[in-house]
Amino acid sequence: MFDALIHAAHAAVVHLSTLLAPVGGTAAAVVAVTMGVRLLVHPLTRAAVRGERARAALAPQLAVLRKKHGKDTTALAQAMTEMHREAGVSPLAGLLPMLLQMPVFIVLYQLFASATVAGQANVLLDSTLFGVPLSAHLLVPAAAWLPHLAVFGGVVAVLTALAWVSSQRAVRLAALQETPPVGLLAALPRVLPYAILISAVVLPLAAVLYLVTSTAWTVAENALLRRGFPARAAAPLKASGGAVA
């Protein structure tokens with residue numbers, strides 16, 4: 001069944017590459033597929049953002065529960081679950097968009113890592129971006145070093161910039177928590193977004209291009225859907241004299 005899926009995906013990407021030949025061919029097809037997937041899961045992302053705002057609105061009630069149950073973590077967890085259920089909030093809603101993208105990413109990876117598809121030579125392996133094969137890896141150049149490093153350098157630079165934006169937002173979110181993290185937990189929001197840079201080393205160029213496009217979409221979604229959030233949720237703290245970073 002998986003082979004049939006790969007075959008169908010291969011045919012679709014080859015066809016789309018032909019249609020987009022004037023604007024980038026297969027590289028443009030990878031970007032288009034990524035944007036199409038993100039557009040399909042966008043309603044789930046909007047629902048997740050609504051859930052975030054709902055959870056932020058429950059913050060005062062959560063503080064009361066923590067004070068009531070003290071160190072009884074079991075009772076606190078049960079009370080929080082009940083509170084979220086009554087408010088119609090799912091703590092796992094934010095994971096759905098990411099989980100639904102994983103199968104597409106896995107299929108795309110296979111398309112540029114397999115020498116054959118359905119017993120035939122994989123023509124996508126001949127596709128390039130500025131002369132560098134989309135199947136190439138950073139540490140295994142399949143073209144002259146100069147264009148290889150130039151293309152991967154540009155992709156990594158964009159990915160690094162996007163990781164920096166994500167890192168800054170994660171740090172702001174952590175600082176606005178009722179109990180901001182300390183020590184290693186305080187460093188994680190700043191560092192974790194840069195873990196995506198590992199992809200530039202271990203994945204083929206096509207998969208890295210997918211991640212760049214998807215990460216850029218995420219940054220744009222955060223800017224549009226989460227504008228003013230969680231600052232508005234933290235407003236009561238400012239009003240009562242609390243410090244907000």
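Residues numbered from 1 in each chain as written. Predicted model: local features only at pLDDT ≥ 70, side-chain atom pairs only at ≥ 80, totals over all residues. Heavy atoms only, no water.

Caption draft 1: Structural context of the side chain of Ser199. As for its placement among the helices and strands, Ser199 is situated in helix H8 (residues 199–202). What makes Ser199 buried here is its relative accessible area of 8%. Polar side-chain contacts of Ser199 include one of 2.4 Å to the backbone oxygen of Ile196. Sequence-distant contacts of Ser199, that is, excluding residues within four places in its chain, are made with Leu159, Val208 and Leu211. (Helix = DSSP H or I, 4+ residues; strand = E, 2+ residues; numbered from the N terminus. Buried < 20%, exposed > 50% of the residue type's maximum accessible area, 1.4 Å probe, protein only. Polar contact = N/O pair within 3.5 Å; in protein donor to acceptor, adjacent residues only side chain to side chain. Contact = heavy atoms within 4.5 Å.)

Caption draft 2: Representation of the environment of Ala32. Structurally, the position occupied by Ala32 is in helix H2 (residues 26–57). Given a relative accessible area of 32%, Ala32 falls into the partly exposed group. Spatially, the C-alpha atom of Ala32 lies 8.8 Å from that of Leu16, the residues being 16 residues apart in sequence.

Caption draft 3: The arrangement of a nonpolar patch on the surface in detail. Together, Leu44, Leu95, Leu96, Met98, Leu99 and Leu100 make up a nonpolar patch on the protein surface, roughly 520 Å² of accessible area in all. Looking at the nonpolar patch, the element that brings in the most residues is helix H5 (residues 96–111), giving four residues. Tracing the backbone through its elements, the reader meets Leu44 in helix H2. In this structure Leu44 comes out as partly exposed when scored by relative accessible area, which is 31%. (Patch = residues over 30% accessible without salt bridge, like charges linked within 9 Å, V, L, I, M, F, W, Y side chains within 5 Å. Areas by Shrake-Rupley, 256 points an atom, 1.4 Å probe, with all protein chains shown as cover. Salt bridge = Lys/Arg side-chain N within 4 Å of Asp/Glu carboxyl O.)

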